[in-house]
Amino acid sequence: MYKRVSVTMSQARLEIFRWLTYYNARRRHSALYYLSPMEFEQNHHRTAKLSLAA
């Protein structure tokens, strides 16, 4: 775990938000075929639209 010293509470909140955004949305997951959750969801929606059109 990284230890950082933040000068202000708003700076600390911003750093936490950035880390959580990376960890939950952009980090690649092995369970998602090494795609980020955002990429996986976009692919899912694209596939669902194609199957509806067929």
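Just so you know, these numbers come straight off a predicted model, no measurement behind them. Counting starts from 1 at the beginning of each chain's written sequence and moves along it residue by residue. Side-chain atom pairs in this predicted model are given and counted only at pLDDT of 80 or more, local residue features only at pLDDT of at least 70, and totals for whole chains, interfaces and linings cover all residues. Heavy atoms from the whole structure form the basis of all side-chain values; hydrogens and water molecules are not counted.

### Remarks on the packing of aromatic side chains
Two measures describe an aromatic ring pair: the distance that separates the ring centres and the angle between the ring planes.
No. 1: The aromatic pairing rule takes the rings of Phe, Tyr and Trp, using the six-membered ring of Trp, and pairs them if the centres are within 6.5 Å, calling planes under 30 degrees apart stacked, those over 60 edge-to-face and the rest tilted. Taken as a whole and assessed by the stated rule, the structure comprises one aromatic pair.
No. 2: With 5.0 Å between their ring centres and 15° between their planes, Trp 19 and Tyr 23 make a pair best called stacked. Here the residue Trp 19 and the residue Tyr 23 both occupy positions in helix H1 (residues 9-26), the gap between them amounting to four residues, near one helical turn.
No. 3: Each residue gets one of three labels from its accessible area relative to the maximum for its type: buried under 20%, exposed over 50%, partly exposed in between, using a 1.4 Å probe on protein chains only. Classification of Trp 19 by relative accessible area gives partly exposed; the value is 45%.
No. 4: For Tyr 23, a relative accessible area of 34% corresponds to the partly exposed category.
No. 5: A ring has a charge above it when a Lys NZ or an Arg CZ is no more than 6 Å from the ring centre and no more than 35 degrees off the ring normal. The ring of Tyr 23 has Arg 27 sitting right over it, with the charged end atom 3.9 Å from the ring centre. Going along the chain from the N terminus, every DSSP run of H or I of four or more residues is numbered as a helix, and every run of E of two or more is numbered as a strand.

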